[in-house]
Amino acid sequence: MSNPTNYMYSLPLKVRDYECDLQGVVNNANYQHYMEHTRHEFLESLGVNFGAMHEQGLDAYVYKVTISYRKSLRSGDHFTSHLSCHMRGAKLIFEQDIIHSTGELCAHGEVEVVLVKDGVMTRGEFFRELLGL
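Residues numbered from 1 in each chain as written. Predicted model: local features only at pLDDT ≥ 70, side-chain atom pairs only at ≥ 80, totals over all residues. Heavy atoms only, no water.

A. Inspection of the pairing of strand S5 (residues 105-117) at higher detail. In terms of burial, S5 is largely enclosed, as 10 of its 13 residues are buried. Across 11 bridges, the pairing between strand S2 (residues 58-69) and S5 is antiparallel. Bridge pairing in S5 links valine 62 to valine 113. In this structure, strand S4 (residues 91-100) lies alongside S5, joined through eight bridges in antiparallel fashion. (Buried < 20%, exposed > 50% of the residue type's maximum accessible area, 1.4 Å probe, protein only. Helix = DSSP H or I, 4+ residues; strand = E, 2+ residues; numbered from the N terminus. Pairing = 2+ DSSP bridges.)

B. Looking closely at the nonpolar core. Phe42, Cys85, Leu92, Phe94, Val113 and Phe127 are the most contacted members of the largest nonpolar core, which totals 17 residues. Of all elements in the fold, only strand S1 (9-14), helix H1 (28-45), strand S3 (78-88), S4, S5 and helix H3 (125-131) reach the threshold of two or more residues within this core. Not counting residues within four places of it along the chain, the set of residues in contact with leucine 92 comprises Cys85, His86, Met87, Val111, Glu112, Val113, Phe127, Leu131 and Leu133. (Core = buried A, V, L, I, M, F, W, Y, C linked by side-chain atoms within 4.5 Å. Contact = heavy atoms within 4.5 Å.)

C. Local environment of the pattern of salt bridges. Summed over all chains, the structure comprises six salt bridges. Close ionic contact of arginine 88 with glutamate 112 constitutes a salt bridge, the shortest N to O distance being 3.5 Å. In this pair, arginine 88 is assigned in strand S3 and glutamate 112 in strand S5, connecting sequence segments 24 residues apart. Overall, arginine 88 belongs to the partly exposed group, its relative accessible area being 41%. Since its relative accessible area comes to 6%, glutamate 112 is described here as buried. Linked through salt bridges whose partners overlap, the residues forming this network are Arg88, Lys91, Glu110 and Glu112. (Salt bridge = Lys/Arg side-chain N within 4 Å of Asp/Glu carboxyl O.)

D. Quick peek at the state of the cysteines. In this structure the tally under the stated criterion is zero disulfides. Residue cysteine 20 stays outside any disulfide, its sulfur separated by 12 Å from that of cysteine 106, the closest cysteine. (Disulfide = S-S within 2.5 Å.)

E. How the structure looks around H1. Counted at 1.5 Å a residue, the expected span for H1 with its 18 residues is 26 Å, and the 27 Å between its end C-alpha atoms agrees. Burial in H1 covers these residues: Asn30, Tyr31, Tyr34, Met35, Thr38, Arg39, Phe42 and Leu43. The opening residue of H1, the one whose side-chain oxygen lies 2.9 Å from the backbone nitrogen of alanine 29, is asparagine 27. Trailing H1 by a residue or two, glycine 47 shows a phi angle of about 85 degrees, which is positive. (Expected span 1.5 Å × (residues − 1). Polar contact = N/O pair within 3.5 Å; in protein donor to acceptor, adjacent residues only side chain to side chain.)

Here is the structure:
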């Protein structure tokens with residue numbers, strides 16, 4: 001993706017020491033954590049809280065995650081986690097980029113999310129209405 005004009009939401013972050021492995025770079029699993037935190041903050045910015053959704057019988061589940069790594073982040077690095085999203089059938093697809101403060105792409109992810117209402121998979125109506133898709 002890597003085109004700021006296409007992003008729907010951006011979240012500036014900083015690498016914390018404990019997120020790094022023995023090689024001194026951010027452990028690969030933490031990129032997924034950054035992306036998940038960004039998705040939750042994005043939904044909060046739209047007035048949606050995951051806890052409240054669950055209480056209403058709505059649960060969003062990650063169906064599939066694909067992440068391509070390009071440049072390693074290191075302790076203290078500043079970066080921005082960006083996202084945009086669209087529907088593909090019943091799935092909400094998040095396209096996410098982690099961009100270093102220098103402008104370099106560190107990681108790109110595609111996350112597929114499905115929505116379950118009272119234990120039954122939906123056709124994504126809640127997401128379509130929320131996002132105007």
